[in-house]
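# Coordinate analysis (summary)
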Amino acid sequence: MLVLLFIYAFGGALIFPESYANYTDTSLRLSPPSARHPFGTDTIGRDVLARTIYGGQISLIIGLLAVSIESLVGILVGALAGYYGGFLDSLLMRITEAMLNIPEIFLLIVMAKFFGGRIPEIHLLGRVFSGSVIVIVVIIGLTSWMYLARIVRAEFLSLKENEFVLAARATGTSNFEIIFRHILPNSIAPIIVSATLGVANAILAEAYISFLGLGVQPPTATWGNMLDGANNYLESAPWLWFFPGLLILLTVLSINFLGDGLRDALDPHSRAV
Amino acid sequence: MGRYIIKRLLQGIPLLFFISIILFVLMMNMGDPVATMGGRRVTRASDYERLRRQLGLDKPIYTQYLYWLIGNDWTKTDVDGDGVAETPGTRRGVLRGDFGVSLVSRKPVLQVIGERLPNTLILMLASEFVIIVGSLLVGVYSALRQYSALDHIITALSFIGYSMPIFFIALLSMYIFGVLFKRWGLPYLPTVGMFDPQAGKTTAQVLWHMVLPVLSISIISFAAYSRYIRSTMLEVLGQDYIRTARAKGLPRREVVYVHALKNASLPIVTVVGLDLPLLLGGAVVTERIFAWPGMGRLFLDHVSRSDLPVVMGILMMIATAVVVFQILTDIVYAWLDPRIRYEK
Amino acid sequence: MNAKRFVLTFVTAMVIFGFILTACGPKPVPEGPTVEETQAAPVQPGDGGRKVATLIYTQEFDNLAPLYTDMWFAWTTWQMFLHWAWEFDEKNEPFPRLVTEIPSQENGGLSADGRTLTMKLRDDIKWSDGTPVTADDFVFTWEMAVSPNNTVTSTYPYDKIESVTAPDPQTVVVTFAEPFAPWLATLWHGILPAHILRPVYEAEGTIDNAEWIKTPKVGCGPYLLDTWESGSYARFVRNENYWGSRPILDEIFIRFVPDDASQVAALQAGDADLGTFIAYSDIPTLQQAGLNIVTEPSGYNEWMFFLVNDQVGHPALTDVNVRKAIALSIDREAINRDLLLGLTKPPASFWDAMPFYNDPPLQNYPYDPEEAKRLLDAAGWVDSDGDGVRDKDGIPLELDYGTTIREIRQDVQAVVQQQLAQVGIKVNLYSVEADVYFASYGEEGPAATGQYDIQQWSDGPLFPDADLYYWLCSEIPSDEYPAGSNWFYLCDEELDSLIQLQATQVNIKERQQTISKINQLFYDKVYILGLWQDPDIYAVNPRLKNVKFSGVTMFFNIGEWDLAQ
C-alpha cells in the first residue's frame, strides 16, 4: 500500500512534468473530473491529478525530513538527559515538559508565523521549493521531538546500569562512544517504531497547518494546501478536497499499519495500544 | 498526600514561568500588530510610531515581558513621545490577574476569552462525553468478543478513524449530511455556526448545530480510546482474580461490569485527565471548518493580527490547566488504586 | 450472558445516556448562563409585525468606537448609531446630516484661504439618552483624537487641525494649520458623546478603558447597539429617541459569517437579507436564487506596484520599457474574464471610480506579448545563455513578486508567473500573512524593506477624496526614517511636487487638473498596473426595500430601509 503511494507520488512524476502540475488554463477552471483531467481542475484550471502527484512528493518529503529533525533532537535530548542525569537531566526534562504542555497545533501555528516568509526559496535536485517547505519541516521537527526524547531517556536510564556499559566505562571508553556505540544501538527498536509513526504525524501536521493557510505556500502544491479554501467548494467542487484528503488518509493509515507491524516485530514485549 | 500535592504544585510554578518565556519570545517575533490597524490601508507612519510607543511595543523584549508579568504601575512610561516618562502605568500584570487588553478589540483579555470559553466547553464536553461512553461500550464489547467478526471490523474502523485527518472527516460529513441529504430531500444537518439566527440561540438549536462538529471530533479520539479500553480490558479479564470471581460462580455480568471494568477503567482515567485540559483550546481546525465561535477560532483570528495579549492569555490558560490536571489525575489515580501511595 | 443480552444492555445504556444528554442539554456548562436562553424571543421576521433585517458581515468588527478602529466593517457600522456631520449618498455626493448646510466658500463656511471652516449645527439633534448634541461634542472629539493619552488607531485627519472652538452650542469653528483639501471626505466620521466620556477622561486621564469605547450603547443615529456576542452576532434596535424621522425597521441583526460558502447558503435560503463582500465566483449562484447584486465602486482597485529604484529593486524595473513590457505580457482581460467571471475590468487609472479626476479617461495597455518581446529586446534584455530567461550584463530578468495570503491573489500570481515566463521573464512568487507582509521597516516587513520587486494589494485614493500621499520622495523608508510609507521606493520629482500641490488645492477645478496630470504620469511611466477593479459587492434580498448604498459607506439611509411582508 505504502509502496503504491510512493510509486504514485514519485512514479507519477515520470508521466507528468512538474510544469504541467503548475500549468494554468483559466478557461478550464473548476471543471469536474473527466477523461482529460481524471481528478478535475482547480480554481485556476490546474490539473488536480498532477498536483496530487507533486503535492504527494512534497508531503512525503516533508514527513521524512521532519522526522529526521525530530529524531535528531529527540535522541540527543533523551540521550544526554538519560546518560548524564543530574542537573542536565532536570533542565532538559523541564524543557520537554514545557513543550508538551502546549498542544502541538498551537505551537505549530505560532512557530509558522514566527518563521513565515523569512526563508527564500531553494533549488534542490533541479527543482524549486518555496522557502515555506523548509519552514514547515523545521517547525514540525521542533514541535514533535518530546515523546521520542522521553522514550530514549527511559531506555538510557535502564541500559546505563547494565554490565556491558559499566564494563565499557571501566576500560576508559569515552562518554561519546558509550552513548553512540553502545547504548544507542541497543535502544534502536523503540526509536524506529516511534519514528515511523512520527512520519504519519508529520504528514498530518503539515496538512493541518497548510489547511489553515499558514503552511507551504502556492504554487508549490502539497496535499494540505490543496485543501485550503475547500470550505468554499464543499458543494460546488467536491473533487478539490476529496482526492487530496483521501490520499492523506491512505498514507497516514498505511504508515500507522507499518508502525504497528514494526512494533510487533521488533519489540515483542510491548503491546499495541 | 498533602505534602505531595504541595510539592507538585511548587514544581508546576517554574514550569509555567518557563513556558511563558518561550511563548513570549516566539510571539514577539511573530508579526506586527500595528501593521493591520489601518483597516484596508497601510497604517500611517505617524500613527505607527505613536501606537507602538503607547502600546509599549517599542520597549525591549525583557521590559515587555516584565510588564506583562508584573505590570507597570510601579513605573512611568512615555506616552506623548517627548522622551520623558511621565505617565504612571496602569497594567497590573498576569501575576495579579491582569492579562492586559486586546490590541485588536481594546477589551480586557479575560473578557475576550470569557465570551468564547463557554462555547468551546459546550462543544468539547459533549464530544468527550460521546467519546468516553462510546469507546467504553465498543471497547468492552470487542474485548468480550475478541476475534469475532465484529471485533475485526471495529478494529479496522478504529484504525481508519485514528488515521483520519479531522478536516477530511469534517468536510466529508458536511458534504454527506448537509449537502447530499439536502439534495435528496432528507432532513439535513446544519453545517456551520452555533445556531440559526432566525430561530434564536435556543438549546435545541445549539444541540442541532453541535451534531456534526461533535461527530467529527469524536471519531478521531474515539478510535484511540476504544482500542485502549479493549486492550486494558483484555488484560484485566485474563487476570487471576477475575478467574477466581468467575470460578466462585458470580454472574458473568457482575464480573465484567463490576470487577473487570472497574479495574480496566484506571488507565483510562489517566488518558482522560490528560486530555481534558486540551479541551480548553478547543479543536482549532474543527472550529474553523464549522465556524463555531469558540476559543480555537478566537486564537486563529487573534494570531493573524498578532494580538499578543489574547494569544498569550489563551496559551497560558491551557498550559496552567494541563499542569493542574496532571496533578489532579495523579491524585484521582491514587485514590482509585489503593496500591499506589505517594510517600514522598 | 449471551450476545443478545449484551446488545440489549448496550441499547438500554445508549437510551439512558441519550436521556441524560437531553436532560443536561440546557445547562451543560454551569458557568455559561449567557449562552443559553438569553435570547428567549426567537427572532422571527414579521413576528407580531416586528420587522427584523438580517445582515451578514464576513468579518466581525473588532471595536465599534470611532477613533479606536479603522476596520471597514466598524467604520461602515458607525452610521447606524452615530451620524457623520455630513454623509455621502448613492452618487457619492455629500449631504448635510448634523449640520444645516455643508460649508463652502459660497455660503461663507469655508474661508477664502481654505484654513477656516465654520459649521452650523442643527438645533434639534440629540443623543439617545436625551442630551442634545452640541458643538462641545465636536470639540471633545478633536481633543480626544489628538490627546497623547489615548491609543487611537489614527489621528488623521484631526492632526491637520490647529484648533476647534465652539463660539456657541450650534457653531463649530475648525482652523487648519494649512489649507487641507480632503476635509470634506475625512472629517467628523462619527463624534464622541462628550457628556459621557469627558468625566471618564478627567478621572482616568484617558478614555481607552471607558465603557462606552468597549460597547457604545448611546448614540445619535437611527439604531442603537443592543447586544454584541463575540464570534456570533450583534443586534441593533430602533432608537426610540431618534431626533429624525422614525426608523422603519424594528431591529437589525448582524451575523458574523467568516466563510463565503456559508454566507451564500444563508442568502440563498433567505436566512439573511443582505450579504457583504460577495466573492465574484458566487455571483451567478446568488443571481439565480433571485438576489439583487449591487456593485458599488469604492475607489479600491487591485494593483501591481513596481519597485522603481536602482538600489533597492531589480535594475530592470527602472527602465520604463521593461515595465511597459510586463504590462503588455499579462492578459489582464483573461484574468478578469475567467477568474473574476467577467464581472470586473482591469482599471487603467488610480481614480477609476472617480471619473471626475480620470479625465481624459485612460485606455488600458492591451495584451500584446509580441510587442512586449520587442520592447525587451530593444531595452537590451535578451536571453543570451539560452536558459529561457532574459538577461543583461549578466543579470537575469528574475523578479520577486509578493502579495498576501488570499486565494484569488495567489491564483492570479500563478497565472502571471506563467504569462511572464512566456516572454522570458522569470518570476518568483511569495505570499505571506497580512500582518507579516505589512509589518514595518523596523520589523523587517518584506513590503516596507523593499524585498519584492513587484508587490500586489488593493488600494485607492482616500475615497471619496482624491488624495494620495505615499509616493513622496521624503517618505522612502531608511534606517534614519523607518516610518516612511513610500514602500515603492519611487522618487519622481515631477510626481512629488504634483502630489504635494493637490493636497493643498481647495479649489476643486485646479485640483482636478493637477490630479489629471498625476493620472497621466502614472500611466505613461507604468509605475502601477491595475489588475482588477475591487468594488464593494452586496447581495440584497428583494424583500429588503429602499436600500441604497454609497461607495463610501453602506448605511447612509438605513433609517428608510424597509422589509416587504
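So, how was this worked out
Residues numbered from 1 in each chain as written. Chains lettered and ligands numbered in written order. Predicted model: local features only at pLDDT ≥ 70, side-chain atom pairs only at ≥ 80, totals over all residues. Heavy atoms only, no water. Helix = DSSP H or I, 4+ residues; strand = E, 2+ residues; numbered from the N terminus. Buried < 20%, exposed > 50% of the residue type's maximum accessible area, 1.4 Å probe, protein only. Contact = heavy atoms within 4.5 Å. Areas by Shrake-Rupley, 256 points an atom, 1.4 Å probe, with all protein chains shown as cover. Rg over C-alpha atoms; globule rule 2.2 N^0.38 Å. Lys, Arg positive; Asp, Glu negative; His and termini not counted. Charge placed at Lys NZ, Arg CZ, Asp CG, Glu CD. Pairing = 2+ DSSP bridges. Axes fitted to C-alpha atoms, helices over the stretch in contact; angles between N-to-C directions. Parallel < 35°, antiparallel > 145°, perpendicular 65-115°, else oblique. Salt bridge = Lys/Arg side-chain N within 4 Å of Asp/Glu carboxyl O. Polar contact = N/O pair within 3.5 Å; in protein donor to acceptor, adjacent residues only side chain to side chain. Nonpolar A, V, L, I, M, F, W, Y, C, P; charged D, E, K, R; others polar. Left-handed = near helix turned anticlockwise from the far one by under 90°. Disulfide = S-S within 2.5 Å. Phe/Tyr/Trp six-rings, centres within 6.5 Å; stacked < 30°, edge-to-face > 60°. Lys NZ or Arg CZ within 6 Å of the ring centre and 35° of its normal. pLDDT = per-residue confidence, 0-100. Core = buried A, V, L, I, M, F, W, Y, C linked by side-chain atoms within 4.5 Å. Buried area = accessible area lost by both parts, 1.4 Å probe. Patch = residues over 30% accessible without salt bridge, like charges linked within 9 Å, V, L, I, M, F, W, Y side chains within 5 Å.

Each helix and strand in chain A was counted, giving 12 helices and two strands. Going from N to C terminus, chain A has its helices and strands arranged as α-α-α-α-α-β-β-α-α-α-α-α-α-α. Counting all 273 residues of chain A, 59% fall into the buried class. A separation threshold of at least 6 residues defines the contact pool for chain A, and within that pool the share at least 24 residues apart is 70%. Counting every atom, chain A has about 11000 Å² of accessible surface; 68% of that belongs to carbon and sulfur.

Next up on the list: the overall build of chain B. Of the regular secondary structure elements, chain B holds 13 helices and two strands. Against the 2.2 N^0.38 benchmark of 20 Å for 344 residues, chain B shows a C-alpha radius of gyration of 25 Å, more extended than a compact globule. Dimensions along the principal axes, computed over C-alpha positions, put chain B at roughly 90 × 65 × 30 Å. In chain B, the proportion of contacts linking residues at least 24 apart, taken out of those at least 6 apart, comes to 66%. Of the roughly 14200 Å² of accessible surface on chain B, a fraction of 66% belongs to carbon and sulfur atoms. Here chain B contributes 35 positively and 24 negatively charged side chains, and the mean placements of these two sets differ by 7 Å.

Residues and elements named next belong to chain C. A sheet is described by the order of its strands in space; here five strands give the open sequence 16-15-17-12-18, paired in mixed fashion. Here the strands that pair on one side only, and so sit at the sheet edges, are strand 16 (426-432) and strand 18 (528-533). Taking each pair of neighbouring strands and ignoring which way they run, the sheet shows an average axis angle of 25°.

Bringing the packing of helix 8 (residues 163-170) of chain A against helix 9 (residues 175-186) of chain A into the picture now. Residues and elements named next belong to chain A. Running from N to C, helix 8 and helix 9 cross one another at 170°; their axes reach a closest spacing of 11 Å. The angle between helix 8 and helix 9 places the two elements in the roughly antiparallel class. Contact residues: helix 8 offers Phe 164, Val 165, Ala 168 and Arg 169, while helix 9 offers Ile 178, His 182, Ile 183 and Asn 186.

Turning next to the interface of chain B and chain C. Facing 62 residues of chain B, the contacting portion of chain C comprises 84 residues. The interface formed by chain B and chain C holds two salt bridges in total. With a closest N to O distance of 2.9 Å, Asp 62 of chain C and Arg 305 of chain B form a salt bridge. For the interface between chain B and chain C, the tally reads 10 residue pairs in polar contact (both at pLDDT 80 or more). Elements that contribute at least two residues to the side of chain B that touches chain C include exactly helix 2 (45-54), helix 4 (109-144), helix 9 (252-275) and helix 12 (295-303) of chain B. Among the elements that take part in the side of chain B that touches chain C, helix 4 of chain B stands out by supplying 14 residues, more than any other. Considered class by class, the residues forming the side of chain B that touches chain C number 30 nonpolar, 14 polar and 18 charged.

A few words on the pattern of salt bridges. Residue and element names in this part refer to chain C. Inspection of every chain in the model, using the stated rule, returns 26 salt bridges over all chains. Across the pair Lys 373 and Glu 370 runs a salt bridge whose closest N-O atoms are separated by 3.5 Å. On the criterion of helical spacing, the pair formed by Lys 373 and Glu 370 is a turn pair, its members being three residues apart in helix 11 (residues 369-378). One salt-bridge network, held together by shared partners, links Arg 238, Glu 240, Arg 246 and Asp 250.

Across the junction of Asp 359 of chain C and Pro 360 of chain C, the peptide omega takes the value 0°, indicating a cis bond. Among the secondary structure elements, Pro 360 of chain C is positioned in the loop between helix 10 (332-339) and helix 11. Note that the residue after Phe 463 of chain C, namely Pro 464 of chain C, is joined by a cis bond; omega there is 0°. Position of Pro 464 of chain C among the secondary structure elements: in the loop between strand 17 (454-459) and helix 14 (493-504). Of note in the backbone geometry, Arg 106 of chain B takes a positive phi value of approximately 60° without being a glycine. Residue placement: Arg 106 of chain B occurs in the loop between strand 2 (87-88) and helix 4.

Before going further, it helps to spend a moment on the sheet that holds strand 1 (residues 52-57) of chain C. Residue and element names in this part refer to chain C. The strand order across the open sheet formed by seven strands is 7-8-9-1-10-19-11, and the pairing between neighbours is mixed. Edge positions in the sheet fall to strand 7 (223-229) and strand 11 (292-296), since each has one partner strand and no second. Judged from the five bridges that link them, strand 11 and strand 19 (residues 536-540) form a sheet pairing that is antiparallel. Paired with Ile 293 across the bridge in strand 19 is Ala 539.

Here the focus is the packing of helix 12 (residues 239-266) of chain A against helix 5 (residues 149-163) of chain B. For the pair helix 12 of chain A and helix 5 of chain B, interaxial distance at closest approach is 8 Å and the crossing angle is 120°. When the axes of helix 12 of chain A and helix 5 of chain B are compared, the crossing they make is right-handed. Contacts between helix 12 of chain A and helix 5 of chain B involve Leu 249, Val 252, Leu 253, Asn 256, Phe 257 and Asp 260 of chain A on the former and, on the latter, Phe 159, Ile 160, Tyr 162 and Ser 163 of chain B. Taken together, the residues of the contact of helix 12 of chain A with helix 5 of chain B sort by class into seven nonpolar, two polar and one charged.

Below, the discussion takes up the state of the cysteines. Joining two cysteines, a disulfide is a covalent bond between their sulfur atoms. Residues and elements named next belong to chain C. Scanning the entire structure with this criterion turns up one disulfide over all chains. With a sulfur-sulfur separation of 2.1 Å, Cys 473 is cross-linked through a disulfide to Cys 491. Torsion about the S-S bond of the Cys 473 and Cys 491 cystine: about 100°, corresponding to right-handed handedness. Here Cys 491 lies in the loop between strand 17 and helix 14 and Cys 473 lies in the loop between strand 17 and helix 14, a separation of 18 residues in the sequence. For Cys 491, a relative accessible area of 40% corresponds to the partly exposed category.

All right, on to the packing of aromatic side chains then. Applying the stated criterion across every chain yields a total of 55 aromatic pairs over all chains. Here the aromatic rings of Trp 72 of chain C and Phe 73 of chain C are separated by 5.2 Å at their centres, their planes lie at 85°, and the arrangement is edge-to-face. Geometrically, the ring pair formed by Tyr 437 of chain C and Phe 438 of chain C is edge-to-face, given 4.9 Å between the ring centres and 75° between the ring planes. As far as the burial class goes, Tyr 437 of chain C and Phe 438 of chain C line up, both buried. For Lys 107 of chain B, the ring lying beneath its charged end belongs to Trp 228 of chain C, and the centroid distance is 3.7 Å.

In this model, chain B carries a mean pLDDT of 80, and residues with pLDDT of at least 70 account for 94%. Confidence scores differ between elements of chain B, with helix 10 (residues 278-281) of chain B showing the lowest mean pLDDT of 66 and helix 12 of chain B the highest of 87.

On to the nonpolar core. Formed by 177 residues in total, the largest nonpolar core has its most connected members in Trp 188 and Trp 471 of chain C. Ranked by size, the runner-up nonpolar core spans 125 residues in total, among them Phe 114 and Trp 241 of chain A together with Val 285 and Val 311 of chain B.

Now for the interface of chain A and chain B. Residue-level contacts link 42 residues of chain A with 47 residues of chain B. Of the roughly 4200 Å² buried where chain A meets chain B, counting both sides, 77% is carbon and sulfur surface. Applying the counting rule to chain A against chain B returns two residue pairs in polar contact (both at pLDDT 80 or more). Listing elements by their share of the side of chain A that touches chain B, those giving two or more residues are helix 4 (86-100), helix 5 (104-115), helix 10 (188-211) and helix 12 of chain A. At 11 residues, helix 12 of chain A tops the list of elements feeding residues into the side of chain A that touches chain B. Per-class residue counts for the side of chain A that touches chain B are 30 nonpolar, four polar and eight charged.

Before going further, it helps to spend a moment on the pairing of strand 9 (residues 251-256) of chain C. Residue and element names in this part refer to chain C. A large share of strand 9 lies buried, amounting to six of its six residues. On strand 9, burial covers both faces: Glu 251, Phe 253 and Arg 255 on one face and Ile 252, Ile 254 and Phe 256 on the other are all buried. In this structure, strand 1 lies alongside strand 9, joined through six bridges in parallel fashion. The residue of strand 9 that forms the bridge with Val 52 is Glu 251.

Residue and element names in this part refer to chain B. Nonpolar side chains collect at one region of the surface, where Ile 6, Leu 10, Ile 13, Phe 17, Leu 66, Ile 70, Trp 74 and Leu 95 lie side by side and expose about 760 Å² of accessible area between them. The set of elements that each furnish at least two residues to the nonpolar patch consists of helix 1 (2-28) and helix 3 (61-70). Ranked by residue count, the leading element in the nonpolar patch is helix 1, at four residues. Along the chain, Trp 74 falls in the loop between helix 3 and strand 1 (76-77).

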